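For reference, the chains in residue letters:
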Amino acid sequence: MTVFRVSAADDRAARILLEQYAAWRAAAFAKQGLSYRVAPARPEELTGERGVFLIAEGENLAGEAADVGCAGIRMLADGPDGRRAELKHLWVQPHARGAGVGAELVRELMRRARDDFRAQELVLDSHDSLASAAALYRALGFRPVEPYNDNPNANVWLGKPLSTL
C-alpha cells in the first residue's frame, strides 16, 4: 500500500517530481516530432479550498524510502454534471511503475475530490501518445468528455462521475 502526504506543489520535493514529469513529457513528445509546452497548474490552485497535491512515498532503486510519484486536483468551473475537479500532473517514476502507485494516487484523489471538495466529476486532459496512462484511466472508469480547456499538449479529454466510487 502506498503512503501519501499532502504537499504544497512548490515545495522542494514536489518541484523535483514535477520537473521529472515535465522533462519526461517533453522527451516523449520530441520522439514523435511534437513540441511540449510546460504549463503547470499554479501552486495556489492545488491547495486549500481550491485543490490538493499529493506525493506518493515508496522506495528508490536502492530500496530506501523515497518520493516516487505525485498528482493533484484543482477545482474548475462547474461542468454539465455539477461540481468538477481536474486531475493534474500524474507522475510515477519509471522504476516504480507497474506496482499500482498511479492507480492508488488517482483513486485517492477521486475520493478526496468527492468527499473533501464535493465534486460530482473528475476530468483530465491527456495525449493519445500516452498509451499506459490511457489504459490506466480506462481501467478506472474514465470515458471521453467534450474538451474543457485549450491545453496545447492535449488531444484527449476524459471524465469520471464520482458517484460511481
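Since we're looking at a predicted model, the values are computed, not measured.

Next up on the list: the pattern of salt bridges. Under the criterion given, the structure shown has eleven salt bridges. Put simply, Glu 57 and Arg 5 hold a salt bridge, and the shortest N to O gap is 2.8 Å. With a gap of 52 residues between them, Glu 57 in strand β2 (residues 51–59) and Arg 5 in strand β1 (residues 3–6) connect regions that are remote in the sequence. A relative accessible area of 29% places Arg 5 in the partly exposed class. Residue Arg 84 is joined to Glu 121 by a salt bridge in which the shortest nitrogen-to-oxygen separation is 2.9 Å. You can see Arg 84 sitting in strand β4 (residues 84–92) and its partner Glu 121 sitting in strand β5 (residues 121–126), a full 37 residues away along the chain. On the basis of relative accessibility, which here comes to 9%, the residue Arg 84 falls in the buried class.

Grouped together as the largest cluster of nonpolar side chains are 29 residues, with contacts concentrated most on Ile 73, Leu 87, Val 106, Leu 122, Tyr 137 and Phe 142. Broken down by secondary-structure element, the contributors of at least two residues to this core are β2, β3 (65–75), β4, α2 (101–117), β5 and α3 (131–139). Per element, the largest residue contribution to this core is seven residues, and it comes from α2. When sequence neighbours within four positions are dropped, the list of residues in contact with Val 106 reads Leu 87, Leu 90, Leu 136, Tyr 137, Leu 140 and Phe 142. Judged by nonpolar contacts, the second largest core, of 13 residues, contains Ala 9, Leu 18, Phe 53 and Trp 91.

What counts and how
- Residues numbered from 1 in each chain as written.
- Predicted model: local features only at pLDDT ≥ 70, side-chain atom pairs only at ≥ 80, totals over all residues.
- Heavy atoms only, no water.
- Salt bridge = Lys/Arg side-chain N within 4 Å of Asp/Glu carboxyl O.
- Helix = DSSP H or I, 4+ residues; strand = E, 2+ residues; numbered from the N terminus.
- Buried < 20%, exposed > 50% of the residue type's maximum accessible area, 1.4 Å probe, protein only.
- Core = buried A, V, L, I, M, F, W, Y, C linked by side-chain atoms within 4.5 Å.
- Contact = heavy atoms within 4.5 Å.

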